Amino acid sequence: MNAFFDSRFLLFALTSLALLTSPVQAQTAIELLPETTVIFAEVQHPHQLVESVLAHPVSRKVQDSNAYREALKDPNAMGFLFVVRFIEAQIGMPWQKAIETLAAGGVTIAVDSRTEGVVALMKSNDPEKLASTLDKVIQLARSDAENKGEDDPFEEREYRGLKAYGKDGGGFFVYEDWLILVNKADTARDIADALLDGRETSLADSETFQEALQHKTSEDISWAFVETEPLRRGDNDDLRKLFSGIADNPGGEFILGGILEALKDAPYLTASLSAKNDTLTLDLKIPFERTSLSENREHFFGPRGTGHAAETQEISGLLFSISAYRYVSEMWLRAGDLFDAKANDNLAQADSTLTTLFSGKDFAEDILGALEPTFQIVGMRQSFSEDRPTPAIKIPAFALLAEMKDPETTTREFRRIFQSFIGFLNIVGAMEGQPQYELGQLQLDEGEIVSATFIPEVGEETARDAKIHFNFSPTLAFSGNQLILASTTDFARTLITSDDSGGTEKTGDSDQVINTLAEVSLPELQRVLADNESHLIAQNMLKEGHSQEEAKRQIRTLFEILNLFEEASLQLLTDEHHVDLKLDVVLQPSE
Amino acid sequence: MHDIDPGWAWSPVEESQQPWTRQLAAHLYRRAGFSATSETLDEAANKSAAEVVAELVDGRTESEEYLAQMKQLGRTVVATGNVENLPAWWMYRFLTTTDMLREKMTLFWHGHFATSGDKVTDPQLMVDQNELLRRNSLGNFGTLVAEISRNPAMLIYLDSVTNRKAHPNENFAREVMELFALGEGRYTEDDIRELSRCFTGWEIRNGRYRFNRYQHDSGRKSILGQEGPFDGDEGVAIVLDQPALPDFIIGKLYQFFIADEPAPPAELLAPLTIEFRENGLNIAPVLKRILSSQLFYSPHSVARKVRSPVEFSVGFLRALEGSTDQYALTSGLSELGQVPFFPPNVKGWDGGRTWINSSTLLARSNLIQSILKNKNTRFSNGTLSDLFDKHRLNSSQEIIDWLETMLLAVSLPETVRLQLQSKIDSGSGNREERLKEVVHLICGLPEYQLS
Amino acid sequence: MSLSRRRFLALSAPAMMAFGRSAPRLFAQAANQSSEKDSDNILVVVQMSGGNDGLNTVIPHSHDEYKKSRPTLAISKDDVFAIDDDFGLHPELNGFADLLEDGRLGIVQGVGYPNPNRSHFESMDIWHTCFRKNESRQDGWLGRAIDQVQQQSSLDIPALHLGHQKQPFALTSLVHRVPTVKSLDQFRLEPLSQMTVPELQQGVRLERSESANLLGFVQSSTENALDVAQRMLETTSGYQPSVTYPESPIANDLKTIAQLIDSEFATRIYYVEIDGFDTHSEQALAHASLLKHVSESVTAFLNDIQQHGHGDRVLVTCFSEFGRRVAENASKGTDHGTAAPMFLAGNAVQPGLIGEHPDLTNLEQGDLVFHTDFREVYAGILENWLNLESKRVLGGSFDPVAFLNSSVS
């Protein structure tokens, strides 16, 4: 009995309660919430969600996995299961059944800006069952607290005939088929009044909300709305910064600049979670007028927002690929407008260092400026040949692909810069006793390769635990106007000889433009990690203080989890009126 | 101190005078190791002091599997290429080894032949040196010096990777005399110059030792009163033959195992120095004698040392069967003033009162706090409550008694004991939080700083 | 009980008296009362790592050789803060210019050493230890200075290094450990609950019945440590900088030092670093921003402690491991060189230029020939400011550079 009444228990109990109830009530959560609601999130049909999760082949796979069986042996998990069974006995049905029968009303969570409170609303279809189960839970919690010599966990209060249970302002109460949880007394009173008297104006009357509601589809498992204006004006510095439109540092600008641009003026944003076949999609939409894009963010979206990512190369076995439109040269030169003095100071110092590395060429103008604004970064697991040193830690190969504006002149420039850069590394490396690079050059039908390969020490030509350096053979390759900078010669060759005509451009609606597309293959990731299994185990021992046994088990569990997934991708899209951030997670196909 | 009878001091401890208890076994394991678990103390208490000491000195209890694991861990850390990851590896070994004395002596020699990863930077060379020290830690001192003289990490650390006939590099010769074998004032500057000529032609290339005969000065040298065309090994042998050598080494061992202060008079050390010389500079027999001596178990020794940061942190975890994030542990250690593989200078760690100032004391308390807060910290694979339950400690008094034996060399003032007991019984927060706080408080008290 | 054990008990009493419960001094008040002259003067060392371009710091703007050697990097007479007719400070050194006008900045010109080494590491080691590679280098010049300080009056923390870098060799002592702290948080006692601190204090302060030497020492040191923690808490919560510090790591470090000094912390030597002076290309902007950081931070620091009433006992010195070549390179930068100016700042300093500027027409391999040996500057700091004997610290006799204004000495 003892450890029962922890947070998990309460959460479970309340969730179950919420789902026990009757369809008579006509009111919806939207009508119940005040117009000053700034965050609204709902799961409309929780029972369908539970059902489809349990029915999905992946969840069977999970239950069959060793990892799951191991996890069940954990004392915490066993305690949890015990609690679940206990509650099931108390309410008289298994939890899946409970949710399924109680699903009709949906679950809503909202934040009100006026009372600054958070409220969770759950609608059931059996008020009697709801009330009796609630009584049981309260009773159990009280007797447990008494056993432990702790204070009564629930104070009882009355408000207009409603009985509320809770502490420090927060608590819960039941009204007919509604179960309401709140964290503030003011919010509680406001909702109670609305239940008893109805509202003059509710969230349903908000124009912003109604506009946002149009993005909601029947396929959405869950849908959320955030009104931005109150957050923009609020006291929270982090939020204010998020909506200020300024990144303040080049890294942040490079990754997020466009999103910040859209957030700056957006009156609201919406998010939805949906599932189709084996794909889970999280979609964040921000209203944004593409045509009136400010000049300062043209480096991100291209002129009038038309800059789109290059077609991705179709190569089998890629670990990840990122393709995007970003005109870095322009961003660098606009730094004065984009960043504060401190960031500009740092950029000036970086410019000095980079210009040294690039043999006196101005980094922003001469190097970045010679390239088109689209680029790709791709990665792939490496295989190591027997006659070369194999590094102890195996890092995937990766490459940057860019287009040269004027291949005639820049090819020579880049080749020379690369050669002198390698020379520079050799001099620095020699001072620190690091292995040296050997430069090589190769002409293929498809183009040209300039490679740099580490020379192994005598006697270590085929070492199996070579230094981490042997993951790299920096290579520059040219093919037409394409420039490839790869971490290994093999990968550069694979890229240059691959047939890139089969590239696919993923588009949704006709006016949608893909600005950024990132994909990662989870089976490949699992293979890369498996290559380094013994090192991951060792690191786990040092990091978690585990024995080798425990460490092994954890790493294998990680592998099993990765094996459940096929692919994850993240897209940044724009259409005439929106910026759209879309995350897709693809599960291993069901047999 | 001058009046301690050396004959009494080094004679074997007698059961009739000094009953062998869990407390004394705990003292032995604190000094000869990194503290022991309650079970180990129980087992030890059932044997005699001599038996336990013999196990510590002669025992090779690490399994093949364990050694293979340590090797794999070492390879992983080396593979990261970052010398800063090495301390975590050694801490893991401190925490898990069953050959505690050998590991402790490896740490002793690491301080004696101090070499810092800061300068050497190649983790493989540091691991190689570490293995060299471990292999010889209980062996022969002469062999140890001979091997360390050719050790790449050592020579890189002492700026001695080249040593040409025309410009002999005096660094290594100076350290051999001053820090490794004789101590200051037992040689002249001329001796250093002449000895450095013996080492000419000794070079490190690509992380390996090599002898460059073209750069060796084969002329006659005059070292510490002896003349001849000595090479490096012969030069070292002359130094090792000096009467000052056993005094110097035994003096350091005395400070490491018996007491930080006051410095022992020569007469007190005499029986040991004679034995050390007579057995051909073998380390194990001398250690056996020290660790089973009357003096070692007397109030001259118990609680007469300040715990080093490694003893402080590893001792805490080993006594309480703890495990934690080694990286977090080692990153905290630098503020305490001791990071294995990174001694502060060629003299290693001075120890004693130099461990203590207000900055290191606050860091000590804060390190225990961060270990207790770290989510990866487990005691006997669970919580402190689990640990105390496992040892069937029910009342607060039993818990404090037990912690006192496990963690402290001196007992707590009665008022403090009562304060801690009432905290367990009626402090604020849940039981685990109260237990953690009591353990944190104990480790912040002056008593816990002593070994 | 055996005879020897009884003898032991008889012995412990006098031994106890020898060590007592004495603990090192934490705070400066005790020193103020003692008659020892200037014994609490404080030195703050600012290390500018990477090799600062001295010629574009203290600028010989009108010299033909300067203009000729620096076609793109030369800074014209109109832009500098004039020191005298021939020399001026870099346009971003407004802070230093103010200090100069205020009579609080001395500039030692052309500081270096014979047979200059142009490797960052080696030259830095030479500045830190005062010895060359082939000599025995076990400790640093400030480490040896600390050894003397501790002989005069034992301090809890005689020297302190602030920052995230590894501790500079200069602070290595064979006898004493110098703490490196990243922030004042390291002087805080981290509690598991709010009860920890008072309960620990209570537990530590109790009389120990058997207060053996070592236990007594650790006990009083722990009491000290808790006092420090308490004081730091009050200091950090109560400290109001009287000036606005710029936003940079070095400014933060210096602000921390100001807090420590203001809480009467008995530390004599503080050390901070700023990296990035290795400006091989596109030097102009990068160098300007670095100089700005140093000058603004040091000036804010000096003004801050001045207004808190400690101005008279603080001296700041800024150095770099070498200057840069006279001629600029083709990447609009400069390469490793030799002699460069050193700054000394504080109320006690005799303002203006000290020593001679190296002759721009008499170069050695394209580099300036030093005029003042850095060890002469060190000697001046040791002898005249810290009241220490310099010969042992520097490994030889050097003429102390006279940089203090006469009213002080």
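Each value, and the rule that gives it
Residues numbered from 1 in each chain as written. Chains lettered and ligands numbered in written order. Predicted model: local features only at pLDDT ≥ 70, side-chain atom pairs only at ≥ 80, totals over all residues. Heavy atoms only, no water. Helix = DSSP H or I, 4+ residues; strand = E, 2+ residues; numbered from the N terminus. Rg over C-alpha atoms; globule rule 2.2 N^0.38 Å. Buried < 20%, exposed > 50% of the residue type's maximum accessible area, 1.4 Å probe, protein only. Areas by Shrake-Rupley, 256 points an atom, 1.4 Å probe, with all protein chains shown as cover. Lys, Arg positive; Asp, Glu negative; His and termini not counted. Charge placed at Lys NZ, Arg CZ, Asp CG, Glu CD. Domains from an automatic or database assignment. Contact = heavy atoms within 4.5 Å. Buried area = accessible area lost by both parts, 1.4 Å probe. Polar contact = N/O pair within 3.5 Å; in protein donor to acceptor, adjacent residues only side chain to side chain. Nonpolar A, V, L, I, M, F, W, Y, C, P; charged D, E, K, R; others polar. Salt bridge = Lys/Arg side-chain N within 4 Å of Asp/Glu carboxyl O. Phe/Tyr/Trp six-rings, centres within 6.5 Å; stacked < 30°, edge-to-face > 60°. Lys NZ or Arg CZ within 6 Å of the ring centre and 35° of its normal. Axes fitted to C-alpha atoms, helices over the stretch in contact; angles between N-to-C directions. Parallel < 35°, antiparallel > 145°, perpendicular 65-115°, else oblique. Core = buried A, V, L, I, M, F, W, Y, C linked by side-chain atoms within 4.5 Å. Pairing = 2+ DSSP bridges. Expected span 1.5 Å × (residues − 1). Bend = angle between axes of the 7 residues up to and from the residue. pLDDT = per-residue confidence, 0-100. Patch = residues over 30% accessible without salt bridge, like charges linked within 9 Å, V, L, I, M, F, W, Y side chains within 5 Å.

The name an unreviewed UniProt entry assigns to chain B is DUF1800 domain-containing protein, from the organism Thalassoglobus neptunius.

Per an unreviewed UniProt entry, chain A goes by the name DUF3352 domain-containing protein and belongs to Thalassoglobus neptunius.

*Asks:* It is not clear to me how the overall build of chain B should be interpreted in this structure. Could you clarify?
*Replies:* The number of helices and strands found in chain B is 25 helices and six strands. In terms of overall dimensions, chain B is globule-like: its C-alpha atoms have a radius of gyration of 23 Å, near the 22 Å expected for 451 residues. Residues classed as buried in chain B amount to 65% of the 451 residues present. With the model as given, the accessible surface of chain B reaches about 15,500 Å², and the carbon-plus-sulfur share is 49%. Between the centroid of the 47 positive side chains of chain B and the centroid of its 59 negative side chains there is a distance of 4 Å.

*Asks:* Just checking my understanding: could you explain the domain arrangement of chain B for this structure?
*Replies:* Interfaces are often sized by the accessible area lost when the parts come together. All names here are of chain B. When its domains are assigned, chain B resolves into domain 1 (6–61 + 243–291), domain 2 (158–235) and domain 3 (309–449). Each of domain 1 and domain 2 has a C-alpha centre, and the two are 34 Å apart. Contacts between the two partners involve five residues from domain 1, matched on the other side by seven residues from domain 2. Among the residues domain 1 hides against domain 2, the three largest losses belong to Ala 244, Leu 245 and Phe 248. Together they make up 83% of the total. At the junction of domain 1 with domain 2, the criterion picks out zero residue pairs in polar contact (both at pLDDT 80 or more). For the side of domain 1 that touches domain 2, the per-class residue count stands at four nonpolar, no polar and one charged.

*Asks:* Help me understand the interface of chain C and chain A in this model?
*Replies:* Contacts between chain C and chain A engage eleven residues on the former and ten residues on the latter. Between chain C and chain A, the buried area comes to about 830 Å², and carbon and sulfur atoms account for 52% of it. Sorting the residues of chain C by area buried against chain A places Ser 281, Glu 282 and Ser 289 of chain C first, and these three jointly supply 44% of that buried surface. Taken together, the links from chain C to chain A amount to one salt bridge. One salt bridge connects Glu 247 of chain C with Lys 342 of chain A, and the closest N-O pair in it is separated by 3.9 Å. Summed over the shared surface of chain C and chain A, the number is two residue pairs in polar contact (both at pLDDT 80 or more). Residues of the side of chain C that touches chain A, tallied by class, amount to three nonpolar, six polar and two charged.

*Asks:* What's the story with the interface of chain C and chain B in this structure? I'm lost.
*Replies:* Tallying the contact residues gives 55 residues for chain C and 57 residues for chain B. Contact between chain C and chain B buries roughly 5,000 Å² in total, counting both sides, with carbon and sulfur atoms accounting for 60%. At the surface where chain C touches chain B, the tally comes to one salt bridge. As a salt-bridge pair, Glu 199 of chain C and Lys 423 of chain B come within 2.9 Å of each other at their nearest N and O atoms. For the interface between chain C and chain B, the tally reads ten residue pairs in polar contact (both at pLDDT 80 or more). If you tally residues by element for the side of chain C that touches chain B, the top one is helix 8 (residues 213–238) of chain C, at twelve residues. Its residues placed into classes, the side of chain C that touches chain B shows 24 nonpolar, 16 polar and 15 charged.

*Asks:* Quick question: what am I supposed to make of the packing of aromatic side chains here?
*Replies:* What characterises a pair of aromatic rings is the spacing of the ring centres plus the angle enclosed by the ring planes. A complete count under the given rule lists 42 aromatic pairs over all chains for this structure. An aromatic cluster is defined as three or more aromatic residues linked by ring pairs; in this entry it consists of Phe 108, Trp 109, Phe 113, Phe 141, Phe 172, Phe 180, Phe 199, Trp 202, Tyr 209, Phe 256 and Phe 257 of chain B. Just above the ring of Phe 254 of chain A sits the side chain of Arg 326 of chain A; from NZ or CZ to the centre is 5.6 Å. Sitting above the plane of the Phe 217 of chain C ring, Arg 353 of chain B keeps its charged end 4.4 Å from the centroid.

*Asks:* Honestly, the packing of helix 3 (residues 46–55) of chain A against helix 4 (residues 57–64) of chain A in this entry has me stumped. Any pointers?
*Replies:* Packed helix pairs are characterised by how far apart their axes lie and by the angle those axes make with each other. Residue and element names in this part refer to chain A. Packing of helix 3 against helix 4 leaves a shortest axis separation of 4 Å and a crossing angle of 60°. Accordingly, the angle class assigned to the pair helix 3 and helix 4 is oblique. In this structure, helix 3 contributes Val 53, Leu 54 and Ala 55 to the contact, and helix 4 contributes Pro 57, Ser 59 and Arg 60. Split by residue class, the contact of helix 3 with helix 4 holds four nonpolar, one polar and one charged.

*Asks:* Teacher, can you tell me more about unusual backbone geometry here?
*Replies:* All names here are of chain B. For the peptide bond that leads from Glu 261 to Pro 262, omega is -10°, which places it in the cis range. Among the secondary structure elements, Pro 262 is positioned in the loop between helix 15 (244–257) and helix 16 (266–278). Backbone geometry places Asp 159, a non-glycine residue, at a positive phi of 55°. By secondary structure assignment, the location of Asp 159 is in the loop between helix 11 (152–157) and helix 12 (170–181). Positioned with a positive phi, Phe 341 is a non-glycine residue whose angle comes to about 80°. Take Phe 341: it is sitting in the loop between helix 19 (326–333) and helix 20 (358–373). Note on Phe 341: relative accessible area 1%, which makes it buried.

*Asks:* Help me understand the nonpolar core in this model?
*Replies:* Ranked by internal contacts, the top residues of the largest apolar core, which has 227 residues, are Phe 141 and Phe 316 of chain B together with Phe 301 of chain C. The element best represented in this core is helix 8 of chain C, accounting for nine residues. Residues within four places of Phe 301 of chain C in sequence aside, it is in contact with Val 44, Tyr 245, Leu 254, Ile 257, Ala 258, Ile 261, Val 314 and Val 316 of chain C. Counting 43 residues, the second-largest nonpolar core is a separate cluster that includes Leu 155, Ala 266, Ile 269 and Leu 404 of chain C.

*Asks:* So what exactly am I meant to see when it comes to the side chain of His 27 of chain B here?
*Replies:* All names here are of chain B. Within the fold, His 27 resides in helix 2 (residues 22–32). Overall, His 27 belongs to the buried group, its relative accessible area being 1%. If we skip the residues at most four places from it in the chain, His 27 touches Phe 296, Tyr 297, Ser 301 and Val 302.

*Asks:* Which parts of the structure should I look at to understand the pairing of strand 10 (residues 340–345) of chain C?
*Replies:* Along any regular strand, the residues point their side chains to alternate faces of the sheet. Residue and element names in this part refer to chain C. Along strand 10, six of the six residues are buried, which leaves the element largely enclosed by surrounding structure. As judged from the five bridges shared by strand 5 (residues 105–112) and strand 10, these two strands associate in the antiparallel manner. By the bridge assignment, Val 111 is partnered in strand 10 with Ala 340. By the bridge criterion, three bridges tie strand 9 (residues 314–319) to strand 10 in an arrangement that is antiparallel. In the strand pairing of strand 10, Cys 318 is matched with Phe 343.

*Asks:* Explain helix 16 of chain B to me, please; I cannot follow it from the model alone.
*Replies:* All names here are of chain B. A rise of 1.5 Å per residue sets the reference length of helix 16, with its 13 residues, at 18 Å; its end C-alpha atoms lie 17 Å apart and thus fit the reference within 8%. Its maximal kink placed at Leu 272, helix 16 deviates by approximately 30°. The set of residues buried in helix 16 consists of Leu 268, Leu 269, Leu 272, Thr 273 and Phe 276. Contacts made by the buried residues of helix 16 are with helix 1 (6–10), helix 10 (141–149), helix 15 and helix 17 (283–291). In the stretch just after helix 16, Gly 280 is the one whose phi turns positive, near 75°.

*Asks:* Explain the environment of Arg 60 of chain B here, please?
*Replies:* All names here are of chain B. Position of Arg 60 relative to the elements: it lies in the loop between helix 4 (49–58) and helix 5 (64–79). Each C-alpha atom of the pair Arg 60 and Asn 381 lies 26 Å from the other, and the pair is 321 residues apart in sequence. Not counting the four nearest positions on each side in its chain, Arg 60 is found in contact with Asp 99, Arg 102 and Leu 138.

*Asks:* Is there a simple way to think about the confidence of the model for chain B in this case?
*Replies:* Interpretation of this model should avoid reading the predicted coordinates in detail wherever pLDDT is low. For chain B, mean pLDDT is 94; residues scoring 70 or higher make up 100% of the total. In the predicted assembly, ipTM is 0.93 and pTM is 0.81.

*Asks:* Which parts of the structure should I look at to understand a nonpolar patch on the surface?
*Replies:* Residue and element names in this part refer to chain A. A cluster of nonpolar side chains, contributed by Leu 282, Leu 570 and Leu 583, occupies part of the molecular surface with about 220 Å² of accessible area. Here Leu 282 lies in strand 10 (residues 279–287). Leu 282 gets classed as partly exposed once you look at its relative accessible area, which sits at 41%.

*Asks:* Please clarify how the pairing of strand 11 (residues 318–325) of chain A should be interpreted in this entry.
*Replies:* All names here are of chain A. The buried fraction of strand 11 amounts to six of the eight residues, a majority that puts the element mostly inside the structure. Of the strand pairs in this sheet, strand 11 and strand 12 (residues 371–380) are connected by seven bridges, and their pairing is antiparallel. What sits directly across from Tyr 325, in strand 12, is Thr 374. In the sheet, strand 11 pairs with strand 18 (residues 513–521) via five bridges, with the strands oriented antiparallel. Pairing of Ser 321 across the sheet is with Glu 519, part of strand 18.

*Asks:* What am I meant to see in the confidence of the model for chain A here?
*Replies:* Residue and element names in this part refer to chain A. Here chain A shows a mean pLDDT of 84. Residues at 70 or above account for 91%. Every residue in residues 1–7 is under pLDDT 50, and counting partners more than four places away or in other chains gives twelve contacts. The model gives residues 18–26 a pLDDT under 50, and that stretch makes 42 contacts with residues more than four places away or in other chains.

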